[in-house]
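Structural overview
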Amino acid sequence: MKGMIFEIERFSIHNGPGIRTTIFLKGCPFRCPWCHNPEGQFPGRDIIFIREKCINCGRCKRLNHELENVSAEERRKLINNPTGLEPIRQYATLCPTNALDIIGEEVSGNELLDVILRDKPFYDISGGGVTLSGGEPYYQDKFVTKLLKRISEHDIHAAVETCLGLSWDKIEKTLKYVNLMIVDIKPLPASQYSKLIGGNKELPLQNLREVLQRNVKTTIRFVIVPKFTDNVQTILADVDYITNGLGRSALSNIGGIEIMQYHTLGIKKYKWLGLKYPLGNIPSPSYKELKNISASIKKFLSNQGLKSIPVTIKKIK
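Predicted model, so just to flag it, every value in this text is computed and none were measured. (Residues numbered from 1 in each chain as written. Predicted model: local features only at pLDDT ≥ 70, side-chain atom pairs only at ≥ 80, totals over all residues. Heavy atoms only, no water.)

A few words on the overall build of the protein. The number of helices and strands found in the protein is 13 helices and eleven strands. By the compact-globule yardstick of 20 Å for 317 residues, the protein fits well, its C-alpha radius of gyration being 20 Å. Its C-alpha atoms give the protein principal-axis dimensions of roughly 65 × 45 × 35 Å. For the protein, buried positions account for 50% of its 317 residues. Expressed as a percentage of contacts within the protein between residues at least 6 apart in sequence, the contacts between residues at least 24 apart total 72%. A gap of 4 Å separates the mean positions of the 45 positive and 32 negative side-chain charges of the protein. (Helix = DSSP H or I, 4+ residues; strand = E, 2+ residues; numbered from the N terminus. Rg over C-alpha atoms; globule rule 2.2 N^0.38 Å. Buried < 20%, exposed > 50% of the residue type's maximum accessible area, 1.4 Å probe, protein only. Contact = heavy atoms within 4.5 Å. Lys, Arg positive; Asp, Glu negative; His and termini not counted. Charge placed at Lys NZ, Arg CZ, Asp CG, Glu CD.)

Turning to the nonpolar core, a few remarks are in order. Ranked by size, the top nonpolar core spans 55 residues in total, and within it Tyr138, Met181, Phe222, Ile257, Ile259, Ile297 and Leu301 carry the most contacts. For Phe222, the residues in contact, after removing those within four places along its chain, are Ile185, Pro187, Ile235, Asp238, Val239, Ile257, Glu258, Ile259 and Met260. Phe30, Cys32, Val223 and Tyr270 belong to the second-largest nonpolar core, a separate cluster that totals 17 residues. (Core = buried A, V, L, I, M, F, W, Y, C linked by side-chain atoms within 4.5 Å.)

On to the environment of Gln304. Among the secondary structure elements, Gln304 is positioned in the loop between α13 (287-303) and β11 (311-314). Taking the relative accessible area as the measure of exposure, Gln304 reaches 44% and is therefore partly exposed. The spatial distance from the C-alpha of Gln304 to the C-alpha of Thr243 is 9.3 Å, given a sequence separation of 61 residues.

Turning our attention to the pairing of strand β1 (residues 2-12). Pairing of β1 with strand β5 (residues 105-108) involves four bridges; the strand directions are antiparallel. For Gly3, the partnering residue across the bridge sits in β5 and is Val107. Alignment of β1 against strand β2 (residues 20-25), held across five bridges, turns out to be antiparallel. Residue Ile5 lies in a different strand from β2, and its bridge partner there is Leu25. (Pairing = 2+ DSSP bridges.)

Structure below.
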C-alpha cells in the first residue's frame, strides 16, 4: 500500500517533543480559509508555478504560460492524468530555477520507514520521534494505520497532528500506536462552521473527548484568526465541551492548551497553486490579544478546578 505525501521534514523541533521527522500527508476534509498548507488539501498531486523564478528559458515547452491562465482544478486534472504526469515531471526536472514543480509523491511504508530510521539515534537522545501531519493524516487512514504500526515496532515515539474531523472508526484503530495527539480545534460558532470550513462542529470535539478517554496524551491547539476564531466566549465554550464531565484520568491526558498565532506565511503558496487566498489582508493577532485569550482560558480552567492544565502561547517569530 502506498500513501500520498507532499513533504518530509527531518530534524523538526516544532511538531512535538525532541528532534523529529515530520511527514506531511495530502488530503483534508476541511477548507479552512486561513490554512497555511494549501498544498496539503487536495488528495492528489498539485502543480506549482512560481512566476518570480521563471526565466522563460523554454525548456517546459511554454507550459509556464499555460499554467498562468488555468485554475488549480484544471492543473489537477492535467497532473493526475496518467498521460500528463510524466511530461510535466520531465519539465519540472529540466527547470533550471525550480519555478515549476509537482507537489505530491506516492510512497510506500517501507520507503518512509527507511527515512525515519536514519535519525533514530537523534530521537533516542532528544526524546523525539515521528509526527504525521498534513493535510489531515486520517484522510489516508488505512495507510496511516499501517505506518504507525511499523513505527511502533521500532519503539519510536509517534505523534499525529490532526483536526479529528473524520469518523471515529478511522481514528480509533490507530490509537494503540499513538503516543501524542496534537489536535487543532477551530473555535467557530456552529452557525459559521459548516459554511466556512465544511463539516460538523461537534464531530472533532466528540472525537477529542473519546481520544482523551483512551489514555492518549493530547495537546489542544487553538489558532487565533482575527474576526474568525478570536471570540473568547466561543473558545471557552469549546474548552467546556471538551472537559465537562470527564474523569480525572481522561483530564490528566491533556498535556496542555496552545494558543497559536495566525500568520500569513502561506499566502504565496495559494498563488503558486493557482488559488485565490480566501482571507485577503487580515493581519496576525497581536501578542496582547493572545495573552488576553490565554488569561481567559486559565481563569476558566481554574474556576473548573483544572488549574493544572498548562496554557501556552505559540507566537510566530
